[in-house]
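Here are the chains, one letter per residue:
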Amino acid sequence: MRAVIRNHFLPTLYRWPAVWLPIALTGIAVLLLLLPVSRPAHYWRVGEEHEPILIGFHENEQNETDLFRWSQPQAALFLYGYRGAPALVELRLTAPRAPGMPPVQAVFTDHEGPLAVTTIAGYWRRYRLIVPTTTTTDTVVRWTTDPYVPTRDVRELGLALSGVKLLALVGQPPLSNQTVAWGTLPLLVWMAATVWRWPDRWRIAATGLAVIPALGLALFPVVAEYWLPSMPWPWWPLLPILVLPGWPYLSTGSRSLLNRTASRPVVHWTGVVVALGGLLLIRAGVLPWLIFPLVLIGVGLAWPLVANREDSSVWPIGHLLVAITGVALLTRLVALDQMPVALWRDEARHGLLALRIWSEPDFRPIYVPVVADLPALLFYLMAPVVGILGPHAWSVRLVSAVAGALTPLALYWFVAPIIGRRAAVLGAALLAWSSWSLSMSRWAFPATLDHVLVLTAAGLLWRGLDPNRRGWRVWCSVALAALLGGLAVYTYHTGRLAPLALAVVVLFRLGRDRERWRLAWSRLALAALIGAIVVMPLVWYLLTDSFGFNRRVGSVSIFQADSLNRHRPLDFLAENVLSYGLMWHIQGESNGRHHLPSAPMVDPVVGLLLLLGIGVAWRAWSTAGVLLALWLLYYIPGLLSFNAPHAMRSLGTLAPACALAGLALSRLATGVSWRRWLIPAALVASLALNLWVYFGLMWHDPRVYGEFDRTETVMAQIVRNAATQPHPVPVYLPREWALSDTVRFLTADLAPAQQARIWRGSLVGDDDVLVVLPVSADATTVAGVLNALGSAGREVESPPTIPTGGEPLVRVFARGTAALAVLSTP
């Protein structure tokens, strides 16, 4: 027995990091979390620092005695730092109303349900609530009142708040999932690091860092609870505790299965069929949460088909690139004014800005706040197009469409020296007809412009940093890369990542080779200088108007949430990670302007190839890893904002994803006797699926065309038709419609007398006249129009609509034969 203790137990005991460190740190974390709540009493008055998190409030106001803030009819107060202990909330409120109005009833609720219903006096009083806090989600006190709009005010008001007092009622926090989750985190980190065989010093350091959440909750409860994510009990930490001990066996079993099937290609191709069939079923709406695990199993079985294969075939790349570019142009330019079926107000605003640049020599913006909230490069490129060709739906979309059509070529230019020419041309082809890319290209937005510039710059930079190349060409490549990268910053908000994207390219191109860095430093200095010169005007604008520059980004940021239910940034981030992970195969963007609502963002063929390509790039990290790094980098704008998944903010992930899919397809077809049929079959299937989604489903889906300004577009068409008659007919529209951005842009080239007139309830001196109202016009307005038109006026049957044969959008009233002839003009 002594020998066993001496030879086995004591050596293990002396190896303290392996046994005692995780136990000791876990014990420390639990003890910290069981300490009494150290959240001090918080007294706050409007206008003071350390404001609690208030949602649904107007700006500060001052009366004779108090500084206060009006809430909206629905408002909320978030509480942090109580760690499950109940809190006493005291609110100093009043709700003055106009004479004769009944007293205000306020309904207070929290995360569990109703708290209280009380009458709020018309003078300042203090109202106290005992609120049970929670550790599984945000603790929030919400109140609801009937909306009140005072005289000479347009705001809807609820209650006026002048101060808040917050007290913890219990010192000792209850044992909760928060205690279990953050208390066991050091143990979980140690287990994970051991399973994944991290070096000892990394394992010790990571386990030590895992105590920080518990330390923060003990010492800084308010700040820590706000910044830490809520814990979904009981899945955390029970699920990882159950998974980690079995992970080595799962890993060993999967390797053993792959080794047994290594000489059985039929099994691997069966995996391809299973994965592809599963993705097709998901696209058809069949139980995605049940089918997707089968897809992953199929990808695992298919992995040996791409794991250790290299392509050495020679293709006629030039002819293929011409064909791909032709397809990209055709799919983006055909029926550009009909799909999307109508303009969106942002497109019209961009067109109006372009016309101002074209016609006003003193209007030369760098960044356009308020109207567009965008850098101005797109508007400068659009200016000669709409200025020469006129204000039409197709002309305002032309620049974005051409930029999208050139993006596959730019992708090939960038990735060809990295993953090979065949894989690069396949990736370019998959991008050329992607329904996601088509949706983003065929409307007047600068997102596509950003990525064509960045990809082109990345290709130039990769070649310009080649240590084996010398001469003036490498200097020109680097300089042009910096120029294009700087211009990308002037396109869309995601263009702010352009310098980071090019920095990633530099890191992968030069690697850890000091000699390469020594040879490249002068080229990098030139690139930095040129890039700084290019972005200097925008930097100056940022320094002079940082609020305007960051207004749009800030309004959608997860760090400035205005939700009445949740506020923790990391909770939103976790949800966004899940949403963006699922958008490729299960559920995509819900906004019909951006893509087919809720459909996966790529077709099943690309979806399968992407999963395989990720694995290939991970294995070849030193080269193809740059694609994976850029793919992850361009998730950042979407992850840090709301409305996930957002097709426009994450568009930068599409090109790297298509390149990864092309790499997988190239390897999948290597060494297969019938490979000459595999690649064409995959490309044709992908092409057919994407064209079917965009030109088949989206064209006729009301969730898509209903997102555009169809009513305004129809009104503008009527105004244009009336102006082109031999004897122009005046057209009257209600004020808000006549002054809408869409109507103003589509009629901007007409003479002032031929543009839409504002309907003011009467007509003077016009024998032939049209009055166009929205279909929602009330009976009083319709009666006023008919009365003004007199006995000769009548309502036109079957007015124009979008799409043709769709539901009515407008009601048209005409007087005179010339007016009736306007509606018969196609």
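Remember, it's a predicted structure, so these values are computed and weren't measured experimentally. (Residues numbered from 1 in each chain as written. Predicted model: local features only at pLDDT ≥ 70, side-chain atom pairs only at ≥ 80, totals over all residues. Heavy atoms only, no water.)

Moving on: the overall build of the chain. The secondary structure content of the chain amounts to 34 helices and 16 strands. Considering only contacts in the chain between residues 6 or more positions apart, those separated by 24 or more positions represent 77%. Looking at the chain as shown, the accessible area adds up to about 38,300 Å², and 64% of this sits on carbon and sulfur atoms. For the chain, the distance from the average position of its 64 positive side-chain charges to the average position of its 48 negative side-chain charges is 14 Å. (Helix = DSSP H or I, 4+ residues; strand = E, 2+ residues; numbered from the N terminus. Contact = heavy atoms within 4.5 Å. Areas by Shrake-Rupley, 256 points an atom, 1.4 Å probe, with all protein chains shown as cover. Lys, Arg positive; Asp, Glu negative; His and termini not counted. Charge placed at Lys NZ, Arg CZ, Asp CG, Glu CD.)

In this sheet, strand β3 (residues 67-79) lies alongside strand β2 (residues 53-62) in antiparallel orientation, the contact comprising seven bridges. By the bridge assignment for β3, Gln62 is matched with Leu67. Two successive antiparallel strands, β2 and β3, enclose a turn made up of four residues. (Pairing = 2+ DSSP bridges.)

Enumeration according to the criterion identifies 22 salt bridges in this entry. Among the salt bridges present, the one from Glu51 reaches Arg69, with a minimum N-O distance of 2.7 Å. Pair noted here: Glu51 is in the loop between β1 (42-45) and β2 and Arg69 is in strand β3, with a separation of 18 residues, a long-range link. Across the pair Arg720 and Asp749 runs a salt bridge, and its minimum N-O distance is 2.6 Å. Here the residue Arg720 occupies a position in helix α30 (residues 710-723), and Asp749 occupies one in the loop between α32 (741-746) and β13 (757-758), the gap between them amounting to 29 residues. Owing to a relative accessible area of 41%, Asp749 belongs among the partly exposed residues under this scheme. Through salt bridges with shared partners, a single ionic network connects Glu90, Arg126, Arg128 and Lys165. (Salt bridge = Lys/Arg side-chain N within 4 Å of Asp/Glu carboxyl O. Buried < 20%, exposed > 50% of the residue type's maximum accessible area, 1.4 Å probe, protein only.)

For Ala348, the location among the structural elements is in helix α13 (residues 345-359). On the accessibility criterion, Ala348 (0% relative accessible area) is buried. Separated by 48 residues in the primary sequence, Ala348 and Val396 have C-alpha atoms spaced 8.0 Å apart.

Okay, the side chain of Thr133 next. Inspection of the secondary structure puts Thr133 in the loop between β7 (125-131) and β8 (139-144). A distance of 3.2 Å separates a polar atom in the side chain of Thr133 from the backbone nitrogen of Gly84. Once residues within four sequence positions are removed from consideration, Thr133 is found in contact with Tyr82, Arg83, Gly84, Ala85, Pro86, Ala87, His111 and Thr139. (Polar contact = N/O pair within 3.5 Å; in protein donor to acceptor, adjacent residues only side chain to side chain.)

A few words on the side chain of Ser439. Mapped onto the elements, Ser439 comes out in helix α17 (residues 435-441). Among the residues examined, Ser439 registers a relative accessible area of 3% and is labelled buried. Side-chain polar atoms of Ser439 contact the backbone oxygen of Ser435, separated by 2.8 Å.

Contact geometry of helix α15 (residues 393-419) with helix α18 (residues 447-464) gives a least axis separation of 8 Å together with a crossing angle of 25°. Overall, the two elements α15 and α18 adopt an arrangement that is roughly parallel. α18 is crossed by α15, and the crossing has left-handed handedness. Residues Ser400, Ala403, Gly404, Leu406, Thr407, Ala410, Leu411, Trp413, Phe414, Pro417 and Ile418 of α15 touch α18, and the partners they reach there are Thr448, Leu449, Val452, Leu455, Thr456, Ala458, Gly459, Leu460, Trp462 and Arg463. Its residues assigned to classes, the contact of α15 with α18 shows 14 nonpolar, six polar and one charged. (Axes fitted to C-alpha atoms, helices over the stretch in contact; angles between N-to-C directions. Parallel < 35°, antiparallel > 145°, perpendicular 65-115°, else oblique. Left-handed = near helix turned anticlockwise from the far one by under 90°. Nonpolar A, V, L, I, M, F, W, Y, C, P; charged D, E, K, R; others polar.)

Moving on to a nonpolar patch on the surface. The grouping of Leu215, Leu219, Phe220, Val222, Val223, Trp227, Phe559, Ile636 and Leu640 at the surface amounts to a nonpolar patch, some 800 Å² of accessible area in total. Secondary-structure elements contributing two or more residues to the nonpolar patch are α6 (212-219) and α7 (221-227). It is α7 that provides the largest number of residues to the nonpolar patch, a total of three residues. Mapped onto the fold, Trp227 is located in helix α7. (Patch = residues over 30% accessible without salt bridge, like charges linked within 9 Å, V, L, I, M, F, W, Y side chains within 5 Å.)

Another aspect to go through is helix α10 (residues 288-302). Taking 1.5 Å of rise per residue, 15 residues should cover 21 Å, and α10 covers 20 Å from first to last C-alpha, within 8% of that figure. Among the residues of α10, those classed as buried are Ile291, Phe292, Val295, Gly298, Val299, Leu301 and Ala302. (Expected span 1.5 Å × (residues − 1).)

Below, the discussion takes up the packing of aromatic side chains. Scanning the model with the defined rule gives 23 aromatic pairs in all. On the basis of an interplanar angle of 65° and a centroid distance of 5.3 Å, the ring pair of Phe508 and Trp621 is categorised as edge-to-face. Of this pair, Phe508 sits in helix α20 (residues 498-510) while Trp621 sits in the loop between α24 (604-619) and α25 (625-633), and the two are 113 residues apart along the sequence. A relative accessible area of 37% means that Trp621 is categorised as partly exposed. Ring geometry for Tyr694 against Phe695: centres 4.9 Å apart, planes inclined by 80°, an arrangement best described as edge-to-face. Members of the aromatic cluster, each reached through a chain of ring pairs, are Phe78, Tyr80, Tyr226, Trp227 and Phe559. One residue, Arg203, lies across the ring of Trp190, its end atom 4.7 Å from the ring centre. Positioned above the aromatic ring of Trp344, the side-chain terminus of Arg593 is 3.8 Å from the ring centre. (Phe/Tyr/Trp six-rings, centres within 6.5 Å; stacked < 30°, edge-to-face > 60°. Lys NZ or Arg CZ within 6 Å of the ring centre and 35° of its normal.)

Turning our eyes to something else, we now look at the sheet that holds strand β16 (residues 810-815). Strand order in the open sheet formed by five strands is β13-β12-β14-β16-β15, with mixed pairing between adjacent strands. Two strands in the sheet have a free side with no partner beyond their single neighbour: β13 and β15 (793-795). As paired elements, strand β14 (residues 769-774) and β16 share six bridges and run antiparallel to each other. Across the sheet, Leu770 pairs through a bridge with Ala814, a residue of β16.

What follows deals with the packing of helix α21 (residues 514-544) against helix α22 (residues 546-555). Where α21 contacts α22, the axes come no closer than 5 Å and their chain directions differ by 95°. In terms of orientation, α21 lies roughly perpendicular with respect to α22. Packed against α21, whose contacting residues are Leu538, Tyr541, Leu542 and Thr544, the element α22 presents Ser546, Phe549 and Asn550 at the interface. Considering only residue class, the contact of α21 with α22 consists of four nonpolar, three polar and no charged.

If you look at the biggest cluster of nonpolar residues, it comprises 177 residues, and the most contacted ones within it are Phe414 and Trp584. For this core, the leading source of residues is α15, giving 13 residues. With residues near it in sequence (within four places) discarded, Trp584 still touches Trp436, Pro600, Met601, Val602, Leu610, Trp631, Tyr635, Thr653, Leu654 and Ala657. (Core = buried A, V, L, I, M, F, W, Y, C linked by side-chain atoms within 4.5 Å.)

Across the six residues that make up β8, a large majority, five, are buried. In this structure, β3 lies alongside β8, joined through six bridges in antiparallel fashion. In the sheet register, Gln74 faces β8, and the bridge partner there is Thr144. Examined bridge by bridge, strand β5 (residues 104-109) and β8 share three bridges and lie antiparallel to one another. Residue pairing across strands places Val107 opposite Thr144, the latter belonging to β8.

What follows concerns the confidence of the model for the chain. When pLDDT is averaged along the chain, the result is 88; 93% of the residues meet or exceed 70. Between residues 4-15, whose pLDDT stays under 50, and residues either more than four places distant or in other chains, the model counts seven contacts. (pLDDT = per-residue confidence, 0-100.)

Attention now moves to helix α14 (residues 377-389). Taking 1.5 Å of rise per residue, 13 residues should cover 18 Å, and α14 covers 19 Å from first to last C-alpha, within 8% of that figure. In the structure, α14 departs most strongly from a straight axis at Ala383, where the bend amounts to approximately 35° and where the proline Pro384 lies between one and four residues downstream. By the burial criterion, the buried members of α14 are Leu377, Leu378, Phe379, Met382, Ala383, Val385 and Val386. Gly390, located one to two residues past α14, shows a positive phi value of around 100°. (Bend = angle between axes of the 7 residues up to and from the residue.)

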